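Here are the chains, one letter per residue:
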Amino acid sequence: MWSGPRTVSTALMRAWENRPDTVVTDEPLYAFYLSRTGLDHPGRDAVIASQPTDWRLVLDQLSNVPLPPGIAISYAKHMTHHLLPEVDRAAFAPMRHAHLIRDPRELLASYARVRTEPGLDDLGLRQQAEIFETFGGPVLDSRDLLTDPGETLRALCRALDVPFDGAMLSWPPGPRDSDGVWAPYWYASVHGSTGFAGYRPPAEPLPARLEPLAARCMPYYLRLHKYRISSQGAADAAGL
């Protein structure tokens, strides 16, 4: 599942983790990304210490480690901007791909509460368009997911050819062992959740200084938005 930050991606990971047939991995390329870029993210040193910093090792773990008994699905939550140019895209070709998007104005309003001066590459929309055009796969809009989680998740499961499980709609509150070590900086809301909150527009307007960045993001968002699935499905959910 490819997404940018602040797209309810962790709640969606919770939904899949609550299935009895699924194991999840939280942003496995994050340490690689921070190590290569030198960016100063919250908890940077702990993130780098917690994961392999070689993307080849990450891909080997995702592809070749046997699933536990009774588990049929391995779900990886990926941030699109973690997929730096040096990563061999062909290594991802055997995997099933899906995409979670969010209106850039809403995404920025949320993200800027943690990192006040983001840039285009921090948000991952440009990279997400490239990933989508390479691999295709169903596209979810976070607004649709929050407005009608049951039917939207049913549509996603149909698109991925896996059975829907009602356990995806609610989960116990609190942290998980599967959460990345960066959870204290980013996951307060999902730790307090027991399911998908209803959609609510941002409480505060987007700061004027971020309007130009939102405008730069919008064409990438719209490129994927036209392929999004909904509770009614989509004419071309595969995107290819």
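Look above for the structure.
An account of the accompanying structure is given in this report. (Residues numbered from 1 in each chain as written. Predicted model: local features only at pLDDT ≥ 70, side-chain atom pairs only at ≥ 80, totals over all residues. Heavy atoms only, no water.)

**A closer look at the packing of aromatic side chains**
Thought 1: If you walk through the whole model with that rule in mind, you get five aromatic pairs.
Thought 2: Centroid distance tryptophan 16 to tyrosine 75: 5.4 Å. Interplanar angle 20 degrees. Geometry classified as stacked. Of this pair, tryptophan 16 sits in helix α1 (residues 9–17) while tyrosine 75 sits in strand β3 (residues 73–79); the two residues are 59 residues apart in sequence, bridging distant segments of the chain.
Thought 3: Among the residues examined, tryptophan 16 registers a relative accessible area of 2% and is labelled buried.
Thought 4: Residue class for tyrosine 75 comes out buried when judged on its relative accessible area of 6%.
Thought 5: Ring geometry for phenylalanine 132 against tyrosine 227: centres 5.2 Å apart, planes inclined by 45 degrees, an arrangement best described as tilted. Residue phenylalanine 132 is located in helix α7 (residues 125–135), and its partner tyrosine 227 is located in the segment after α12 (211–225); the two are separated by 95 residues in the primary sequence.
Thought 6: Assessed through its relative accessible area of 23%, tyrosine 227 is described here as partly exposed. (Phe/Tyr/Trp six-rings, centres within 6.5 Å; stacked < 30°, edge-to-face > 60°. Helix = DSSP H or I, 4+ residues; strand = E, 2+ residues; numbered from the N terminus. Buried < 20%, exposed > 50% of the residue type's maximum accessible area, 1.4 Å probe, protein only.)

**Overview of the layout of surface pockets**
Thought 1: What the largest pocket holds in volume is close to 1000 Å³.
Thought 2: Along the wall of the largest pocket there are 43 residues; nearest its centre are Arg6, Val8, Arg102, Ser110 and Ser189.
Thought 3: At the level of secondary structure, the elements contributing two or more residues to the lining of the largest pocket comprise α1, β3, α5 (104–111), α8 (142–147) and α11 (188–191).
Thought 4: When residues of the lining of the largest pocket are assigned to their parent elements, the largest contribution, four residues, is made by α5.
Thought 5: Its residues placed into classes, the lining of the largest pocket shows 22 nonpolar, twelve polar and nine charged.
Thought 6: Counted as a void, the second largest pocket has a volume near 860 Å³.
Thought 7: When residues of the lining of the second largest pocket are traced back to their parent elements, those giving at least two are β2 (22–26), α4 (55–64) and β3.
Thought 8: Per-element tally for the lining of the second largest pocket: the top contributor is β3, with five residues.
Thought 9: A per-class count over the lining of the second largest pocket returns 23 nonpolar, seven polar and one charged. (1 Å grid on protein atoms, 1.4 Å probe; cavity = no way out; pocket = protein on both sides within 12 Å on 5 of 7 lines; lining within 4 Å. Points joined across faces, edges and corners; volume = space filled by probe spheres on them. Nonpolar A, V, L, I, M, F, W, Y, C, P; charged D, E, K, R; others polar.)

**Overview of the sheet that holds strand β1 (residues 2–3)**
Thought 1: The sheet built from five strands is open, its strands ordered β2-β3-β1-β4-β5 with parallel pairing. Either end of the sheet is taken by a strand with one partner, and the two such strands are β2 and β5 (139–141).
Thought 2: In terms of strand pairing, β1 meets strand β4 (residues 99–101) through two bridges, oriented parallel. Bridge pairing in β4 places serine 3 opposite leucine 100. (Pairing = 2+ DSSP bridges.)

**Re the nonpolar core**
Thought 1: Grouped together as the largest cluster of nonpolar side chains are 67 residues, with contacts concentrated most on Leu12, Trp16, Phe92, Leu123, Leu156 and Phe196.
Thought 2: Sorting elements by how many residues they give to this core places α12 first, with six residues. (Core = buried A, V, L, I, M, F, W, Y, C linked by side-chain atoms within 4.5 Å.)

**Quick notes on the side chain of histidine 99**
Thought 1: Inspection of the secondary structure assignment puts histidine 99 in strand β4.
Thought 2: Relative accessible area serves as the criterion here: at 0%, histidine 99 is assigned to the buried category.
Thought 3: Here the side chain of histidine 99 touches glycine 136 through a polar contact of 2.7 Å, landing on its backbone oxygen.
Thought 4: With sequence-adjacent residues up to four places away left out, histidine 99 is seen in contact with Met1, Trp2, Gln128, Ile131, Phe132, Gly136, Gly137, Pro138, Val139, Leu140 and Leu224. (Polar contact = N/O pair within 3.5 Å; in protein donor to acceptor, adjacent residues only side chain to side chain. Contact = heavy atoms within 4.5 Å.)

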